[in-house]
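# Coordinate inspection notes
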2 protein chains.
Amino acid sequence: MSDLSFFHEPRSVAVIGASSDPEKIGGRPIKYMLERGFTGRLYPINPSRDRIQGIQAYPDLDSLDEAPDVAIIAVSGASAVAQVVRCAEVGVKGCVIMASGFGETGDAQGLAWQSEMLDAAARSGMRIVGPNSQGLADFASGSILSFSTLFTEQPPQDGSIAIVSQSGALCSVPYGLLREAGLGVRYAHATGNDIDVTAAELAVEVLKDPEVRLLLLYLEGISDLEPLAEVARVALEADVPVVALKGGRSEAGQKAAASHTGALATEEAVVDVFLEKHGIWRARSTGDLVAAAPLYLRRERPRGDEIAIVSNSGAICVLAADAAGEEGLPLTVLSAETRADLTAALPSFASVENPIDVTAALLTDSSLFGKVLPILGRDGGVDACVVGIPVAGKGYDVERFARDVAAFEADTDIPVVMVVPQSSIARVFRERGILVFPDEAQAIRGLAQYLRHHALIERARARRVDPGGRAHPDGPAVTLNEAESLDLLERIGVPTVGRVLVGSSDEVPAALERLESERLVVKGCSSAITHKSELGLVRVNVDRDDVVRTTEEMIAILDGEGVATDGVIIAEMVKGRHEGMLGARHDPVFGPVVMVGAGGIYVESMPDVRLLLPPFSFEEAKAAIGELRIAAVLGGVRGAPAVDVDAWAEAAVRLGEAMLDPALGIRELDVNPLMLLEAVDGRGGAVAVDGVVVRSAAAAS
Amino acid sequence: MSDLSFFHEPRSVAVIGASSDPEKIGGRPIKYMLERGFTGRLYPINPSRDRIQGIQAYPDLDSLDEAPDVAIIAVSGASAVAQVVRCAEVGVKGCVIMASGFGETGDAQGLAWQSEMLDAAARSGMRIVGPNSQGLADFASGSILSFSTLFTEQPPQDGSIAIVSQSGALCSVPYGLLREAGLGVRYAHATGNDIDVTAAELAVEVLKDPEVRLLLLYLEGISDLEPLAEVARVALEADVPVVALKGGRSEAGQKAAASHTGALATEEAVVDVFLEKHGIWRARSTGDLVAAAPLYLRRERPRGDEIAIVSNSGAICVLAADAAGEEGLPLTVLSAETRADLTAALPSFASVENPIDVTAALLTDSSLFGKVLPILGRDGGVDACVVGIPVAGKGYDVERFARDVAAFEADTDIPVVMVVPQSSIARVFRERGILVFPDEAQAIRGLAQYLRHHALIERARARRVDPGGRAHPDGPAVTLNEAESLDLLERIGVPTVGRVLVGSSDEVPAALERLESERLVVKGCSSAITHKSELGLVRVNVDRDDVVRTTEEMIAILDGEGVATDGVIIAEMVKGRHEGMLGARHDPVFGPVVMVGAGGIYVESMPDVRLLLPPFSFEEAKAAIGELRIAAVLGGVRGAPAVDVDAWAEAAVRLGEAMLDPALGIRELDVNPLMLLEAVDGRGGAVAVDGVVVRSAAAAS
């Protein structure tokens, strides 16, 4: 594992292109380091000044008595390149290159410059952050190698949150929002073009700091999987939740991302399942990235996802319950004892069912929250509380409410989120470190994120570790015909339909002896033909007596198409109660991906699919199937029996294992339909009746 | 139409239970009216004081020289009742009853008191707001008949927004949020128990004010349809958009609402379609209710829903494009001319595709927004702009940006929403009346609401007016058997399968002569049996030669069940390419409801349904079908032909008309499946092959 600690605690920093103007790019890092009490040696480099911002300046690197640990490159173009080369030569450990106009422009000059700098760095072992980097900031050590204006607008305060972003703006925005909410930020790193040091590598570095308790990531694109998997692994080990925002979820967003950074358009559903599998929460907006931050800073972890809602307004009780319903957060069914205690504590006209409406009596009895919350805490079934105070102000003892909520949070491991639309009232709670949202929907959404993310982390922790490092298959590929595809499926452990491949109708009688079903399916087989049905190459429900004739017709059709005929498949007729689908392919970034979904002819027009990243367990496969829309009918409706979902999940696991086996060389695989049979005594089976496999030519031969 | 104008501009107001303490319920209205310069006569009524808050007080109503237009009842329980009765006797026009402890408690005393007050009011023609009302506030006239503490916390400012809420808290919350955003509010009405004057009636009253340009409604429950339809009608006429929040969307929310106010649990999907049909936007949270308010106050109405995104951060461009994708707002494809103009105006490395990344060059060229926005305005395809400034502060000419955006909004009819996370920067834009959101997702969501709501209003305007006033059918009902049900469907214009009902197998030969299809369906017919298939009472694909035997078997099964046998249906075999469903019933509040959906046996387990409120047009029915999940396959996929969606929509329209015909007395109706046939030359048909109708006994006899 690389050591980037010199960026966080450099003994010495040179600022090449240092400016006396503290608002210039070459001036701000100096100003910030002086303000933050950076204890290392600081060397402004500027050939035309003796002193800069009150400290001694130097004409060039060679005038220094030492090779500084870090050099900030605040000059641009060719002179940035020259300075980086010189830094490497004198033994600088790391450069932060702020200038833009390199790889991100896509032009040849910029790319050539990047190569030149990388080469120089490689020769000396120097590391490069950037170019096009806003820079790195460590507010614990005062090593502010960054020109973000936000550190002026929102003065820093050290804390437990780390931000690592590939974009300067998306480092500044969460920094600003967190600081505005009064939260401390320890690291605010914006990496830029990532030609050497990547955002993921820096994220791993900040996770070494035991003070970090929440990591926020912004990724422009994901071009390499392993570093991100490493971040997830280290974060799980350090018990630091990671919330990631990645642009390009929509088609328009992907197009914009491509024009912005040339980021590879990855399939977003794969990104989702990758992050989920690794216990990383995917935020959907900049607001989402920071919304639940204070909850993550709690020492205690949530126990479950059942919530209680308390308010002095019945309307807010109703609306918060609606929001919980929308987010799928269950409301705790309170125990009889809890309800009895609430009845004793509350006015007779209050509601002691969850949500709990303490009514306007709060105006005359300021102790109500202080009474109600501990009762809910003792219930045992309440994992989090939402407290809504839509109306307060004069006459209300808001200080006391805040004290009571804070005391409850301190005494129990139950988090509280407040719904307080009035900013003057919200402030009183925020000052005590209580998380406040202006409306019930945002509060429930933030809480749901926190509770669900915790469950995600727990699941990721329980999962076997992905060994990773699989090469993307390349070289020539071949498409197997249906018979070969079904044979391969059988070999990897996916049950297939009983069948015999015949070369001519002469072989039919022998074939029929090996097949059990009364009626049969006859299919022309050729790897050159993808849409068999349209050509009349699939006949179902064929009588045993008609198979010879049908086989001859198939051969005639194949001959008529002028394609290579691989024979005719005589298969047993299997009709599942439902039709599933299994698929697999290799994502260029994420590697093998397995799909489970509803089968049939509408897989594209009415898609109902979930993804799995191998290796995955039987339980994971079953959970993915359980999330399909058709899951609602697989258990049997209107008296129909359940189908054998276990067999489907097992077939998916087998396929996942096969995708990890380079010797098999499976590039793409489609089984549709996978006939789902009735579960008899819990067993029934899932049978592939049609399939196509594309394999690496080398493996197939 | 009732006249409630005396609540808005009373010549005189008595406050019964007037208090010298301006923080008491009986003190606040007086304080507020004095502060707001109420020009009518104000009579504090309190037997133990000569003067209250500096003005003369009176011992009782009888000491006044006149019957005041309005009396605020700030005393409680039995004395509130006595005062209301006296008000009615002396000729007060309207009372606002603030005390709680009446109908909302559900106890007999409270309900009896309500009746007593209503009776007294009815005798004299006096109107009652409340009880349990926070009161009414008109900030134009200064008639503040309300004790909301929020008017102290957030001082009033007259404006163009009206709030009418059944809940005090949900009147105060939007008031506070709007005032905090610097927006003026003219009316802030909270009605309470609505025993006489309803929120809807007051909403119609405020819509008479030509200054009102946005109406926000909060409804606890909808027990009566016509008043709300009237609000919608008047609002459309006055061109005032209505945004409504109604609690109880979720099951938990409905339960909470029932315990809070005893509100009737209406089916929320019906509420959705009712509001949509009437051009009312349904907000989903308190934040939603006010989020887009400033956009609604614009004089110009939006032209379409295509947006352009502009930012100095590529990351925000990507994230805003993602948010637009999520909300379904299309990004304008800019014309070649626009792109050429942008190329000329922007640095070479900026993106001139939408989203438009003006890059960090904004720091050195403050004119960029001022240049880019007018170019987008001239494009002709841009209906709204989203401008993101994630990072600004020192060095940025934010004042100029705000000036340029404001000028653009003033010069064109194109609304702009800003994404500005830093509150210090956001303030600069807000001061110029520009709508600012802290993150891109909220901005796009607010904009989408505004643009979509406008389209909703336009559609509502184009719709024929619902005559309304239909009584809910009652009295005894009968379930028709399948034969009778299909006959009724045929009669109302829904195409049905060719069939003959036979009483015995003797009638089969004659029946067969009247049926065309080669193979037939034989079904036992009895209104006493609902699940025919389970009893073996449905045989499909029956050979003509087997019909006699099958008919005899059916009769035997029916006899074996010991139920009344209504005969056996011999029907033609119709297999649609897809199976649809048609249904209808009466909602106790909303009246007749028609359903279109995917048919088959999974209508309950995988529901795919849209609702329609009769009367509706062919186009509306077609649009509803187009929103179904199965719509994706109805046009034909993988070479399959399209089905006749028009025939389905026509059948739905016929059903809608039938539901409005009281003579038919249709209570409930289910057609499943409705076989959807291939469209041949645009025609093919939709054929009901099974159906059940429940009719009022009187109509059926």
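Residues numbered from 1 in each chain as written. Chains lettered and ligands numbered in written order. Predicted model: local features only at pLDDT ≥ 70, side-chain atom pairs only at ≥ 80, totals over all residues. Heavy atoms only, no water.

## Quick notes on the overall build of chain A
For clarity, the cut-off: Runs of E in the DSSP output that reach at least two residues are strands. Runs of H or I that reach at least four are helices, and both are numbered from the N terminus. When accessible area is computed with a 1.4 Å probe and restricted to protein chains, residues below 20% of their type maximum are described as buried, those above 50% as exposed, and intermediate ones as partly exposed. The contact criterion used throughout is that any non-hydrogen atoms of two residues lie within 4.5 Å. Note on areas: Shrake-Rupley with a 1.4 Å probe; residue coverage comes only from the protein chains shown. By the counting scheme adopted, Arg and Lys are positive, Glu and Asp are negative, and His together with the chain ends is not counted. Lysine's charge is taken at NZ, arginine's at CZ, aspartate's at CG and glutamate's at CD.
Within chain A, the secondary structure is distributed over 25 helices and 30 strands. The principal-axis extents of the C-alpha atoms in chain A amount to approximately 100 × 80 × 35 Å. Looking at chain A as a whole, 57% of its 701 residues are labelled buried. Sequence separation of at least 24 residues holds for 71% of the intrachain contacts in chain A that already meet a minimum separation of 6. Within the structure as shown, chain A displays about 26,500 Å² of accessible surface, and the carbon and sulfur contribution to it stands at 49%. Chain A carries 63 positive and 99 negative side-chain charges, and their two centres are separated by 5 Å.

## Examining the pattern of salt bridges
All names here are of chain A. We apply this condition: Salt-bridge detection follows one rule: a side-chain nitrogen of Lys or Arg within 4 Å of a carboxyl oxygen of Asp or Glu.
Counting across every chain of the model gives 94 salt bridges over all chains. The partner of R298 in a salt bridge is E409, with the nearest N and O atoms 2.8 Å apart. Linking R298 in the loop between α12 (293-296) and β15 (307-311) with E409 in helix α16 (residues 398-411), this pair joins segments that are 111 residues apart in sequence. Accessibility expressed as a relative area gives 12% for R298, which makes it buried. Among the residues examined, E409 registers a relative accessible area of 14% and is labelled buried. Among the salt bridges present, the one from R610 reaches E627, with a minimum N-O distance of 3.5 Å. Taken together, the residues span a long stretch of sequence, with R610 in strand β27 (residues 609-612) and E627 in the loop between α22 (618-626) and α23 (631-634) at a distance of 17 residues.

## Digging into the pairing of strand β2 (residues 41-45) of chain A
What counts is decided by this rule: Here the term right-handed applies to a crossover when the path leading from its first strand over the helix to its second strand runs clockwise, the strands being oriented away from the viewer.
For β2 of chain A, a buried count of four out of five residues is recorded, marking the element as mostly surrounded by other parts of the structure. Crossover connection from strand β1 (residues 12-16) of chain A via helix α2 (residues 28-35) of chain A to parallel β2 of chain A: handedness right-handed.

## Re the domain arrangement of chain A
All names here are of chain A. Applied cut-off: An automatic or database domain assignment is the source of the domain bounds shown. Two parts placed together each lose some accessible area; with a 1.4 Å probe, that loss summed over both constitutes the buried area. N or O atoms within 3.5 Å of each other form a polar contact, as long as, within protein, one can give a hydrogen and the other can take it, and as long as residues adjacent in sequence are counted only when both atoms are side-chain atoms.
Looking at the assigned domains, one finds that chain A contains domain 1 (5-296), domain 2 (307-462), domain 3 (498-572) and domain 4 (578-700). On a C-alpha basis, the centroid separation for the pair domain 1 and domain 4 is 42 Å. Taken together, the 13 residues of domain 1 in the interface contact eleven residues of domain 4. Summed over both partners, the interface of domain 1 with domain 4 buries about 980 Å², with 71% contributed by carbon and sulfur atoms. Counting every contact that joins domain 1 to domain 4 gives zero salt bridges. Applying the counting criterion to the domain 1 and domain 4 interface returns two residue pairs in polar contact (both at pLDDT 80 or more).

## A few points about the pairing of strand β8 (residues 135-138) of chain B
All names here are of chain B. Applicable threshold: What makes two strands pair is DSSP finding at least two bridges between them.
By the alternation rule, side chains of β8 split into G135 and A137 and L136 and D138, which are all buried. Relative to strand β9 (residues 143-146), β8 is paired through four bridges, and the arrangement is antiparallel. Of the residues in β9, the one forming a bridge with D138 is S143. Counting the residues between successive antiparallel strands, the hairpin from β8 to β9 contains four residues, one of them, G142, with a positive phi of roughly 85 degrees.

## A few points about helix α10 (residues 268-277) of chain B
Residue and element names in this part refer to chain B. Most of α10 sits inside the fold, with seven of its ten residues counted as buried. Those residues of α10 not exposed but buried are E268, V270, V271, V273, F274, L275 and K277. Positive phi appears at G279, one or two residues downstream of α10, with a value of about 80 degrees.

## Here's the deal with the packing of helix α13 (residues 314-327) of chain A against helix α18 (residues 440-462) of chain A
Angle between the axes and distance between the axes: these two values describe a pair of packed helices. Residues and elements named next belong to chain A. Defined as follows: Interaxial angles span 0 to 180 degrees and are taken between N-to-C directions of axes, which are lines fitted to C-alpha atoms, for helices over the stretch in contact. If an angle is under 35 degrees, it is roughly parallel; if it is over 145, roughly antiparallel; if it lies from 65 to 115, roughly perpendicular; otherwise it is oblique. Crossing handedness follows the turn of the near helix against the far one: under a right angle anticlockwise gives a left-handed crossing, and clockwise gives a right-handed one. All residues other than Ala, Val, Leu, Ile, Met, Phe, Trp, Tyr, Cys, Pro, Asp, Glu, Lys and Arg, Gly among them, are scored as polar; the first ten of these are nonpolar and the last four charged.
With their axes 9 Å apart at the nearest point, α13 and α18 run at an angle of 40 degrees to one another. The angle between α13 and α18 falls in the class oblique. In this structure, the crossing between α13 and α18 has a hand that is right-handed. Contact residues: I316, L319, A320, A323, A324 and E327 in α13; E440, A441, I444, R445, A448 and R452 in α18. Here the contact of α13 with α18 is composed, by residue class, of eight nonpolar, no polar and four charged.

## Comments concerning the nonpolar core
Basically, it comes down to this: Buried Ala, Val, Leu, Ile, Met, Phe, Trp, Tyr and Cys residues form a nonpolar core when they are joined through side-chain atoms within 4.5 Å.
L376, M418 and F429 of chain A together with F7, L215 and I307 of chain B are the most contacted members of the largest nonpolar core, which totals 157 residues. Setting aside residues up to four positions removed in sequence, L215 of chain B forms contacts with A162, V164, A203, V206, L207, V231, V240, P241, V242 and V243 of chain B. Within the second largest apolar cluster, 156 residues are counted, among which are M98, F139, A199 and A321 of chain A.

## Digging into helix α4 (residues 108-124) of chain A
The α-helix advances 3.6 residues per turn, and as a result positions three or four apart in sequence lie on the same side. All names here are of chain A. Note the following rule: Expected span of a helix: the number of residues minus one, times 1.5 Å. The arc refers to the directions leading from the helix axis to the C-beta atoms.
Between its first and last C-alpha, α4 extends 25 Å over 17 residues, near the 24 Å set by a 1.5 Å rise per residue. Taken together, the buried positions of α4 are G110, W113, Q114, M117, A120 and A121. Buried residues of α4, seen end-on, are gathered within an arc of 130 degrees and therefore sit on one face of the element. Seen from the open side of α4, the exposed residues pointing more than 90 degrees away from its buried face are A108, A122 and R123. Where α4 is buried, its residues contact α3 (77-90), β6 (94-97) and β7 (127-129). Structurally, the start of α4 carries an N-cap: the backbone nitrogen of Q109 is 3.2 Å from a side-chain oxygen of D107. Looking one or two places after α4, you find G125, whose phi comes out positive at around 85 degrees.

## Observations concerning the environment of I16 of chain A
All names here are of chain A. Among the secondary structure elements, I16 is positioned in strand β1. Its relative accessible area of 2% is what places I16 among the buried residues. With 213 residues separating them in the primary sequence, I16 and A229 have C-alpha atoms 35 Å apart. With residues near it in sequence (within four places) discarded, I16 still touches I45, L61, A71, I72, I73, A74, V75, Q83 and C87.

## Looking at the environment of A121 of chain A
All names here are of chain A. With respect to the helices and strands, A121 occurs in helix α4. The exposure class of A121 is buried, given its relative accessible area of 2%. In this structure the C-alpha to C-alpha distance between A121 and S223, which are 102 residues apart in sequence, comes to 22 Å. When residues no more than four places from it in sequence are discounted, the contact partners of A121 are A88, M126 and I128.

## Side note on the sheet that holds strand β18 (residues 416-419) of chain A
Residue and element names in this part refer to chain A. Strand order in this open sheet of five strands is β16-β15-β17-β18-β19, and the pairing throughout is parallel. Each having just a single partner strand, β16 (356-357) and β19 (435-437) make up the two edges of the open sheet. Sheet topology places strand β17 (residues 384-388) next to β18; four bridges connect them, and they run parallel. Each bridged residue has a counterpart across the sheet, and for V386 the counterpart in β18 is V417.

## Notes on the packing of aromatic side chains
All names here are of chain A. Where we set the bar: Pairing of aromatic rings covers Phe, Tyr and Trp, the last counted by its six-membered ring, and requires centre-to-centre distances within 6.5 Å; plane angles under 30 degrees mean stacked, over 60 mean edge-to-face, and any other angle means tilted.
Throughout the structure, instances matching the rule amount to 20 aromatic pairs over all chains. With a centroid separation of 4.7 Å and 45 degrees between ring planes, the pair formed by F6 and F7 is classed as tilted. The pair F6 / F7 is uniform in exposure class, with both members buried. Among the aromatic residues, those joined into a cluster by ring pairs are Y32, F139, F151 and Y175.

## Some points on the sheet that holds strand β8 (residues 135-138) of chain A
Residues and elements named next belong to chain A. Strand order in the open sheet made by the seven strands is β9-β8-β11-β10-β12-β13-β14, with mixed pairing throughout. Two strands lie at the open edges of the sheet, namely β9 (143-146) and β14 (281-283), each paired on one side alone. Going across the sheet, the axis of each strand differs from the next one's by a mean of 15 degrees, ignoring polarity.

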